[in-house]
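Listed below are the residues making up each chain.
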Amino acid sequence: MLDIENLGKRFGEKVALDGVSFSVRPGEMFGFVGANGAGKTTTMRIIMGVLETDSGEVRHEGRPMTHEDRRAYGYMPEERGLYQKMKVGEQVEYFGRLHGLAPAAARRTTAELLERLGLVERRGDAVEALSLGNQQRVQLAVALVHDPTVLILDEPFSGLDPLAVDTLAEVLKDRAASGVPVIFSSHQLELVERLCDSVGIISAGRMVACGSVAELRAGEGRGLLKVVVRGAAPGWADGLPGEITVDGDRQVLLSTDGDDQAILRRAVQAGHVEHFGRQEPTLVEIFREAVA
Amino acid sequence: MNGLWLVAQREIRTRIRTKGFLISLAITAVLVAAFAYVPKLFSGTDTYAVGVVGTAPATVEQVEFVTYADEAAARQAVIDGDVDAALIDDQTVLADGELNDRLGLILQSAHRDAQIEKAGLTITPLRVVSVGADARYEGVRAGLAMLLVMVLFFLLIYSAMFVAMGVVEEKGSRIVEILLTSMRPWQLLGGKIVGLGVLGLINLGVVIAVGLGSAFVSGLAADLPPGMAGIVISAVVWFILGYAFFSTLAAAFGSLVSRQEELNGVLTPMTMLMTLTYLVSYFAAAQPTGTAAKVLSLIPPFSSMVMPVRTAAAEVPLGEIILAVALMIAAVAVVLLAGARIYQRAVLRTGARVKLGEVIR
């Protein structure tokens, strides 16, 4: 269990974080979204102790986080960092050792991860010889090698091809399924929507929305009612709330409120109802709404 | 401590396998080996060639006799420079112009000894006992000191630069963010300093081994002063102290910048201090018994090079050595504390160059 409580951070005059709070439960995948410069990276850097917070605190299992707790975390910073001239296998193993693995264990988990991430053939190559996508896989291996108790990943999907995105998504899902809280930031909202149990939206240093995707949708509360009627006479919807658009012989009514059953009855009388239902806002829409 | 050792191991392993390290080690070894032969080249030949006509005298030290058929042939050989002089019938010495003083003495005394022996007399040579400082090795010691100045300076600056470059590499690439979630800044800094220090010691060890080895091969070893072990130990100890001092400075200054291109600028105070140390120790090697050398060999960080050089060039009272070491250890402790503090505060602040004033408070 990871609790971020009321973090505040200023850089000179600029307020970077203003009372950011959220919690991530074991096994939960938490998507952290927000515009560039909203405070995602700052929050993650504070969680990892790379940056000191001005106020608030990070709690691990209900108590203030210590260096020893962090040592068991897996971290992928925003700007990727690897020893360019060091070999892939040696590098992953080295970070495993630094996180406290015994030599044999470090070798074993390195072999497993490279296998899983499709890097087996590159194990003896210097990192600088790898494509950026492959370097990113190595970076991920570095974050995962010590079987972390919590995963903090800053933009892990950026710059990956679709297949690599799938591999990474699978790996993260597996880790979450084994009870590890996973936090990752991303601008790929469809991906966040697909993968995450809960989402936090940060804007200008404040958490503007936070909760499960379902909660956020419900919180929006005003999923538009959409009715598509074919062959209805013009004016069938007069007096109903909402807007009518005409598309050939189809008429589409988008309504924000009103008695949906009454609207349905009217539509059935007017013509052939092709579609009737509430539109679920996508995360993109929720996001736009939240940061507006 | 485990983290520190892992970092040190990585530094050693990755650096020792690079071509650059091996090549520079090989070049140093060759240079040092060559140095062992330099005194021979400058002091000229050890033996004189002397032509002989008629009966040759018994073996004479440092003289090699070449027999000629007659005086004319011997005369020609002297003029051609094939021999340094020619001895005719144990009576006359032919020389090209003036006879070399030393050769003259050797020939005269050999001639005298032979005559005295013939007369049935034995003589006891004078015994020489020195009551002052042992001045016999002054020349060799000065040479050793000069060599030591160069070796220490290059090793110190080379190792300290590697520390600074390593710090910037980690800071610039942000690896340091991951590293510092798994260990404390002092472990990372300490590991880097220890690891690269071990490499520096390996370098120094090779220099000493090759230097002494080739001194034995070239015959220079016979001229080496007694107490070489002390000189070697002093060089190693002072290298460790000087390295600890300068590499910590290098790491602290290096942590202020994020790019290798900015490194030279930010390291200027350190390189200037090192160069100054080099210059004063060069001076001390030339005048090891002067007051300036005595004073500077006590003041850190100058002592890190002046003292070993002074030890090599002349006898230094033990009390002064102990005082100098104690002062240097104190200086290293101060630099380590301040340097670790600067490093810790600056190394995560990527981007523009961090001002020293911002992190020192």
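Predicted, not measured: the structure shown is a model, and the values here were computed from it. (Residues numbered from 1 in each chain as written. Chains lettered and ligands numbered in written order. Predicted model: local features only at pLDDT ≥ 70, side-chain atom pairs only at ≥ 80, totals over all residues.)

(A) The overall build of chain A, seen in detail. When you go through chain A residue by residue, the secondary structure sums to 10 helices and 14 strands. In terms of overall size, chain A is more extended than a compact globule, its C-alpha atoms giving a radius of gyration of 24 Å where 292 residues would be expected to give roughly 19 Å. Seen along its three principal axes, the alpha-carbon backbone of chain A occupies a region of about 75 × 45 × 35 Å. Sequence-distant contacts in chain A: of pairs separated by 6 or more residues, those separated by 24 or more amount to 70%. (Helix = DSSP H or I, 4+ residues; strand = E, 2+ residues; numbered from the N terminus. Rg over C-alpha atoms; globule rule 2.2 N^0.38 Å. Contact = placed C-beta atoms within 7 Å.)

(B) Examining the sheet that holds strand S13 (residues 250–255) of chain A more closely. Residue and element names in this part refer to chain A. Taking strand neighbours across the sheet as the criterion, the four strands line up as S12-S13-S11-S14 in an open arrangement whose pairing is antiparallel. What marks the edges here is a single partner per strand, and that holds for strand S12 (243–247) and strand S14 (272–278). Between one strand axis and the next, the sheet turns by 15° as a mean value, whatever way the strands run. Examined bridge by bridge, strand S11 (residues 225–230) and S13 share six bridges and lie antiparallel to one another. When the bridges of S13 are listed, Val228 appears paired with Val252. Those strands touched by helix H9 (residues 260–270) are S11, S13 and S14, and its axis lies near 10° from that of S11. (Pairing = 2+ DSSP bridges. Axes fitted to C-alpha atoms, helices over the stretch in contact; angles between N-to-C directions.)

(C) Region of interest: the domain arrangement of chain B. Domain annotation for chain B reports domain 1 (2–39 + 137–360) and domain 2 (45–118). For domain 1 of chain B versus domain 2 of chain B, the separation of C-alpha centres amounts to 53 Å. (Domains from an automatic or database assignment.)

(D) Geometry of the pairing of strand S3 (residues 85–88) of chain B. Residue and element names in this part refer to chain B. Note that strand S1 (residues 48–53) and S3 share four bridges and pair parallel. Each residue of the ladder has a partner; that of Val50, found in S3, is Ala85. Pairing analysis gives four bridges linking S3 to strand S4 (residues 92–95), with the strands arranged antiparallel. If you follow Ala86 over to S4, its bridge partner there is Leu94. Counting the residues between successive antiparallel strands, the hairpin from S3 to S4 contains three residues, one of them, Asp89, with a positive phi of roughly 55°.

(E) Representation of the domain arrangement of chain A in the model. What the domain assignment lists for chain A is domain 1 (2–218) and domain 2 (222–280). The distance between the C-alpha centroids of domain 1 of chain A and domain 2 of chain A comes to 45 Å.

(F) Main features of the packing of helix H1 (residues 2–16) of chain B against helix H8 (residues 185–218) of chain B. Residues and elements named next belong to chain B. Where H1 meets H8, the closest approach of the two axes is 7 Å, and the angle between their N-to-C directions is 40°. Our classification of the angle between H1 and H8 gives oblique. Once H1 is placed against H8, the crossing between them reads as right-handed. When H1 is examined against H8, the residues Gly3, Leu4, Trp5, Leu6, Val7, Ala8, Gln9, Glu11, Ile12, Arg15 and Ile16 are found in contact with a partner set consisting of Gln187, Leu188, Gly190, Gly191, Lys192, Val194, Gly195, Leu196, Val198 and Leu199. Grouping the amino acids of the contact of H1 with H8 by side-chain chemistry returns 12 nonpolar, six polar and three charged. (Parallel < 35°, antiparallel > 145°, perpendicular 65-115°, else oblique. Left-handed = near helix turned anticlockwise from the far one by under 90°. Nonpolar A, V, L, I, M, F, W, Y, C, P; charged D, E, K, R; others polar.)

(G) Highlighting the sheet that holds strand S9 (residues 198–203) of chain A. Residue and element names in this part refer to chain A. Ordered by their spatial adjacency, six strands build an open sheet running S6-S7-S8-S3-S9-S10, and the pairing between neighbours is mixed. The sheet is open, and its two borders are formed by strand S6 (73–76) and strand S10 (206–212), each paired with just one other strand. Along the sheet, successive strands turn relative to each other by an average axial angle of 15°, direction set aside. As paired strands, strand S3 (residues 29–34) and S9 are joined by five bridges and run parallel to one another. Bridged to Phe30 within S9 is Ser198. Of the strands in this sheet, S3, strand S7 (150–153) and strand S8 (182–185) touch helix H6 (residues 162–177), which is tilted by about 150° from S8. Along the sheet, helix H10 (residues 283–291) contacts S3, S9 and S10; its crossing angle with S9, the most-contacted strand, is approximately 35°.

(H) Focus on unusual backbone geometry. In the segment running from Pro300 of chain B into Pro301 of chain B, the intervening peptide bond is cis, with an omega of -5°. With respect to the helices, strands and loops of the structure, Pro301 of chain B is situated in the loop between helix H11 (291–296) and helix H12 (303–313). Look at Glu155 of chain A: it is not a glycine, yet its phi comes out positive at around 50°. Position of Glu155 of chain A relative to the elements: it lies in the loop between S7 and H6. Although it is not a glycine, Ala204 of chain A adopts a positive phi angle of roughly 50°. Secondary-structure assignment places Ala204 of chain A in the loop between S9 and S10. On the neighbour-count criterion, Ala204 of chain A (15 C-beta atoms within 10 Å) is partly exposed. (Buried ≥ 20, exposed ≤ 12 C-beta atoms within 10 Å, placed from the backbone.)

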